[in-house]
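# Overview (structure and organization)
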Amino acid sequence: MELVVEKIGHRYGELVALEGIDLAVREDEILALIGPSGCGKSTLLGIMGGILRPSAGRILVKGAPPADSLNPFTYIFQDFALLPWRSVEGNVALPLEHHGLGAAELRRRVADVLARTGLAEFRTAYPKQLSGGMRQRVGIARALAVNPAILLMDEPLSALDAQTRELLMEDFLALWLRARTTAVYVTHNLAEALRLADRVAVLSRRPGRLRDIVAIDIPQADRATPAAQAQLAGLHDRLWGLIKAEAQIAEREVIAAGASYG
Amino acid sequence: MAEPQMREVAFRGGGFVLSPRRGAAAVFFALLLALWELAIRAGWISPLFLPAPSAVTTALWELALAGTLGLHVGQSLARIAAGWSIGTIAGLGVGFAMGIWSMSRAIGVPAVSALFPIPKIALLPLLILWLGIGEPSKIATIALGVFFPTAIAAYSGIDGVPRNLIRMGQSFNLPWLAILRKIVLPGALPGILAGFRITASIALILLVAAEMIGAQYGIGAFILSAGNLMQTDQLLAGVVLLSVLGLAIGTVLSRLERWLLGWR
């Protein structure tokens, strides 16, 4: 299944957040959306999955989702969005419950996805008892439980510390290499984009426009080799060159806004 | 040059930390009761103005033996159960509507703000006029007093449910009712249960007030008649009953919170 973004524009009141975005997410790829903070990349992701209504343009789907997909467009959230009153098991079961699967099938699916994400021994724990990394693992398990056709990931690692981020990225990559679900991965972290993405779409800042799409031709599994690392370093510099100036403006603007309160 | 002197760094971090002191409360109340009893036995205070704890206990015991204790408590419990339930159900209904739909919010907030501050005791005569002097007016007074805080607790409880959880539910295509039942309701529950604590004490206050008009049985009626006859030992026995009733309701609510909000 392919996702086509057609002339998407979005404004919050006077503020133009997105303008004239044309983009296609190819089947089985990971497309990273990067850009400085405030460039509207999370807004674009919300529009792509149909939880935000764009001011202009439309989102099209080419092809049908797989028949066994219970929720073709599935999000993984930056703040995990777990229900604190449900256990790990309960949180993963939540998106399955209204599909009339039957108790046995539901239990089987939950157990299967918990085993795949290494959460089986935590199934009765509550979110508050888990570390940030484990909470996001639950978020990933919940997303995988519905067999998504497209994963929409909104800065899934941004709330985690650097070590946890590294561990979780490896785990996610291992899961992805097995299933190869199409994914859109929003991040402001170039290292994450270069580790995971097949293509990197760079957004400019206010109004958010598509500046460039950079393809990374090295398979994800081979990116740890020295030769690949050298090539990735070159890509890193190129991407950084695209967003550095705007990132600087974005940073200074936040400071100015903060100062006006004082 | 001489060797510099070694000194220990002074500790400055103590205080402002509370630790449990088991039994302290029991000892304090025992001492207070003993002092009270002593003050009356020694003749420092007239037993007419303040009967001794022993006299209050005796009065309670006699009441229990005569069988009227059960009658009074039973009647009061029935009124409070009916009034509180009606007020809570109506309040939850209106509060949820105000929490979910913009139109009910737009109408509800000013209406609740205008009616909530009215002391419901002031409406008792009017309610008696409408509903008669029997049970309905008493139950209506309690229900009315319970209704507004419950509605406010429910809608502010719903306001407190993180929007991102509702978005999450929508992103997984959860049906509207499932979002309400599995996300909004449990998310609002802490606020609603906190509201129950407030409405339970309001119900108790209004119960006593309502029972002081045209009631034969009930703790309020009992206290009023004891006061009229200057039977201060019986009057205080009634007050003790109210305190026990309030404590019992509080304990039930604490259990309920521990059971329903164990995830916190």
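Scroll up to find the structure this text is about.
Here's what I pulled together on the structure shown here. Just so we're clear, the structure is a prediction, and the values are computed from it rather than from any experiment.

## With respect to the interface of chain B and chain A
Across the boundary between the two partners, chain B contributes 16 residues, which contact 22 residues of chain A. Taken together, both faces of the contact between chain B and chain A bury some 1800 Å²; the carbon and sulfur share is 68%. Ranking the residues of chain B by area buried against chain A places Phe 172, Lys 182 and Trp 263 of chain B at the top, with a combined share of 40%. In this assembly, chain B and chain A are joined by 1 salt bridge. The closest approach of N and O atoms between Lys 182 of chain B and Glu 97 of chain A, which form a salt bridge, is 2.9 Å.

## Section: the sheet that holds strand E8 (residues 199-203) of chain A
Residues and elements named next belong to chain A. Reading across from one edge, E5-E6-E7-E3-E8-E9 is the order of the 6 strands in this open sheet, with mixed pairing throughout. With partners counted over all chains shown, the strands left at the sheet margins are strand E5 (73-76) and strand E9 (210-215), one partner each. Neighbour-to-neighbour, the strand axes of the sheet open up by a mean angle of 20°, direction not taken into account. Alignment of E8 against E9, held across 5 bridges, turns out to be antiparallel. Bridge pairing in E9 places Ala 201 opposite Ile 213. Relative to the sheet, helix H4 (residues 132-145) contacts E5 and strand E6 (150-154), its axis offset from that of E5 by approximately 175°.

## Digging into the environment of Ala 24 of chain A
Residues and elements named next belong to chain A. Note on placement: Ala 24 falls in strand E2 (residues 15-25). As a C-alpha pair, Ala 24 and Glu 105 span 81 residues in sequence and 35 Å in three-dimensional space. Ignoring sequence-local partners within four residues, the contact set of Ala 24 consists of Leu 3, Val 4, Glu 29 and Arg 199.

## So, the pairing of strand E1 (residues 2-12) of chain A
Residue and element names in this part refer to chain A. Two strands pair when backbone bridges link them, and E1 and strand E4 (residues 56-62) are joined in this way by 6 bridges, in the antiparallel orientation. The residue bridging Gly 9 from the neighbouring strand is Ala 56, located in E4. As judged from the 7 bridges shared by E1 and E2, these two strands associate in the antiparallel manner. Paired with Val 5 across the strands is Leu 23, a residue of E2. Between E1 and E2, which follow one another and run antiparallel, lie 2 residues, and Gly 13 among them has a positive phi close to 60°.

## Looking at the packing of helix H2 (residues 53-66) of chain B against helix H10 (residues 232-260) of chain B
Residue and element names in this part refer to chain B. Contact geometry for H2 and H10: axes closest at 8 Å, N-to-C directions at 80°. Overall, the two elements H2 and H10 adopt an arrangement that is roughly perpendicular. Contacts between H2 and H10 involve Ala 55, Val 56, Ala 59, Leu 60 and Leu 63 from the first element and Asp 233, Gln 234, Leu 236, Ala 237, Val 240 and Leu 241 from the second. Taken together, the residues of the contact of H2 with H10 sort by class into 9 nonpolar, 1 polar and 1 charged.

## What to know about the pattern of salt bridges
Residues and elements named next belong to chain B. In total, this model carries 19 salt bridges over all chains according to the counting rule given. Close ionic contact of Arg 105 with Asp 159 constitutes a salt bridge, the shortest N to O distance being 2.8 Å. Residue Arg 105 is located in helix H4 (residues 102-115), and its partner Asp 159 is located in helix H6 (residues 135-159); the two are separated by 54 residues in the primary sequence. A relative accessible area of 24% means that Arg 105 is categorised as partly exposed.

## A look at the sheet that holds E2 of chain A
All names here are of chain A. One open sheet accounts for 3 strands, arranged E2-E1-E4; its pairing is antiparallel. One side of each edge strand has no neighbouring strand; the edge strands of this open sheet are E2 and E4. Mean inter-strand twist for the sheet, computed between neighbouring axes without regard to direction, equals 10°. Of the strands in this sheet, E1, E2 and E4 touch helix H1 (residues 41-48), which is tilted by about 125° from E1.

## What to know about the layout of surface pockets
Residues and elements named next belong to chain B. Estimated volume of the largest pocket: approximately 390 Å³. Forming the walls of the largest pocket are 14 residues, and the residues nearest its centre are Leu 33, Trp 36, Val 56, Val 240 and Ser 243. Elements with a minimum of two residues in the lining of the largest pocket: helix H1 (24-41), H2 and H10. Counting residues per element, the lining of the largest pocket draws most heavily on H10, which supplies 6 residues. Here the lining of the largest pocket is composed, by residue class, of 12 nonpolar, 2 polar and no charged.

Basis of the calculations
Residues numbered from 1 in each chain as written. Chains lettered and ligands numbered in written order. Predicted model: local features only at pLDDT ≥ 70, side-chain atom pairs only at ≥ 80, totals over all residues. Heavy atoms only, no water. Contact = heavy atoms within 4.5 Å. Buried area = accessible area lost by both parts, 1.4 Å probe. Salt bridge = Lys/Arg side-chain N within 4 Å of Asp/Glu carboxyl O. Pairing = 2+ DSSP bridges. Helix = DSSP H or I, 4+ residues; strand = E, 2+ residues; numbered from the N terminus. Axes fitted to C-alpha atoms, helices over the stretch in contact; angles between N-to-C directions. Parallel < 35°, antiparallel > 145°, perpendicular 65-115°, else oblique. Nonpolar A, V, L, I, M, F, W, Y, C, P; charged D, E, K, R; others polar. Buried < 20%, exposed > 50% of the residue type's maximum accessible area, 1.4 Å probe, protein only. 1 Å grid on protein atoms, 1.4 Å probe; cavity = no way out; pocket = protein on both sides within 12 Å on 5 of 7 lines; lining within 4 Å. Points joined across faces, edges and corners; volume = space filled by probe spheres on them.

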